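# Reading the structure
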Amino acid sequence: MRASFRNLLINLTSLEQIHEEVMKFFTDIRKKYEKIGYVAGIITSDGPGKIEVNRKRLIKYTDILEGLYDFPLFSAVDIFSDEVYERTEEKMLDADIREMRFAKFWGGVIRSGHVTDIFMTPGWQRSKGATIEHQISKEKGIEIHYWKEFVDKIQPPLNHI
């Protein structure tokens, strides 16, 4: 889904526009698939010096999970590539306001009814955003998967990503 998002969001500049296009895309996807999975994890909570490493880890986890499930999966990094994020108007806002707006964006995505499964990657408890996404998923009855539940399905086994 990563490539589809990049093409879909190529000229958008606000979270509102991005949310609208993502919801339309999910409506189309749900015509073909019964489920859509969201891969949640830490990105910014380890500090600015770890953002790129955490983004790469989230991409790796998403890629692994896509090989294990027969429905589409995505993560925050799939929607907010560096290019998309750099174009957003919200990037210029004060950190607290920006964080609040992104939390509202992701809450809207999870509450939309399109996301049927959420996959919690290692360290998600350290992420304020992933913790909120987990709570919303519990409230909405979204199926929650934890890394320990599906790591045994990975061949060859992974020691660390």
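Scroll up for the structure.
Thresholds applied
- Residues numbered from 1 in each chain as written.
- Predicted model: local features only at pLDDT ≥ 70, side-chain atom pairs only at ≥ 80, totals over all residues.
- Heavy atoms only, no water.
- Helix = DSSP H or I, 4+ residues; strand = E, 2+ residues; numbered from the N terminus.
- Buried < 20%, exposed > 50% of the residue type's maximum accessible area, 1.4 Å probe, protein only.
- Contact = heavy atoms within 4.5 Å.
- Salt bridge = Lys/Arg side-chain N within 4 Å of Asp/Glu carboxyl O.
- Pairing = 2+ DSSP bridges.
- Phe/Tyr/Trp six-rings, centres within 6.5 Å; stacked < 30°, edge-to-face > 60°.

What follows concerns the environment of Tyr38. Looking at the element boundaries, Tyr38 is found in strand E1 (residues 37-40). Owing to a relative accessible area of 3%, Tyr38 belongs among the buried residues under this scheme. Taking the C-alpha atoms as reference points, Tyr38 and Thr116, 78 residues apart in sequence, are found 8.1 Å from one another. Filtering out sequence-adjacent residues up to four positions away, Tyr38 remains in contact with Phe74, Ser75, Ala76, Trp106, Ile110, Val115, Asp117, Ile118, Phe119 and Glu133.

Let us now look at the pattern of salt bridges. For the structure on display, the rule yields 11 salt bridges. With a closest N to O distance of 2.8 Å, Glu99 and Lys128 form a salt bridge. One end of the pair, Glu99, is in helix H6 (residues 95-111); the other, Lys128, is in helix H7 (residues 128-140), and 29 residues separate them in sequence. Residue class for Lys128 comes out exposed when judged on its relative accessible area of 52%.

The subject of this paragraph is the side chain of His134. Among the structural elements, His134 can be located in helix H7. The contact partners of His134, leaving out residues within four places of it in the chain, are Met120, Trp124, Ile144 and Tyr146.

Moving on, we come to the pairing of strand E4 (residues 143-146). Bridge count for strand E3 (residues 117-120) against E4 is four bridges, and the pairing is parallel. The partner of Phe119 across the bridge, within E4, is His145.

With that settled, consider the packing of aromatic side chains. The full count for this structure, using the stated rule, is 17 aromatic pairs. Relative to Phe74, the ring of Phe5 has its centre 5.9 Å away and its plane inclined at 65°; by these criteria the two rings are edge-to-face. Of this pair, Phe5 sits in helix H1 (residues 2-8) while Phe74 sits in strand E2 (residues 73-75); the two residues are 69 residues apart in sequence, bridging distant segments of the chain. When sorted by exposure, Phe5 lands in the same class as Phe74, which is buried. Measuring from ring centre to ring centre gives 5.1 Å for Tyr38 and Phe74, while their planes differ by 45°; the resulting arrangement is tilted. Of this pair, Tyr38 sits in strand E1 while Phe74 is found in strand E2, placing the two residues 36 residues apart along the sequence. For the pair formed by Tyr38 and Phe74, the shared burial category is buried. Each residue in the set Phe5, Phe25, Phe26, Tyr38, Phe74, Phe80, Tyr85, Phe102, Phe105 and Trp106 is aromatic and connected to the rest through ring pairs, giving one cluster.

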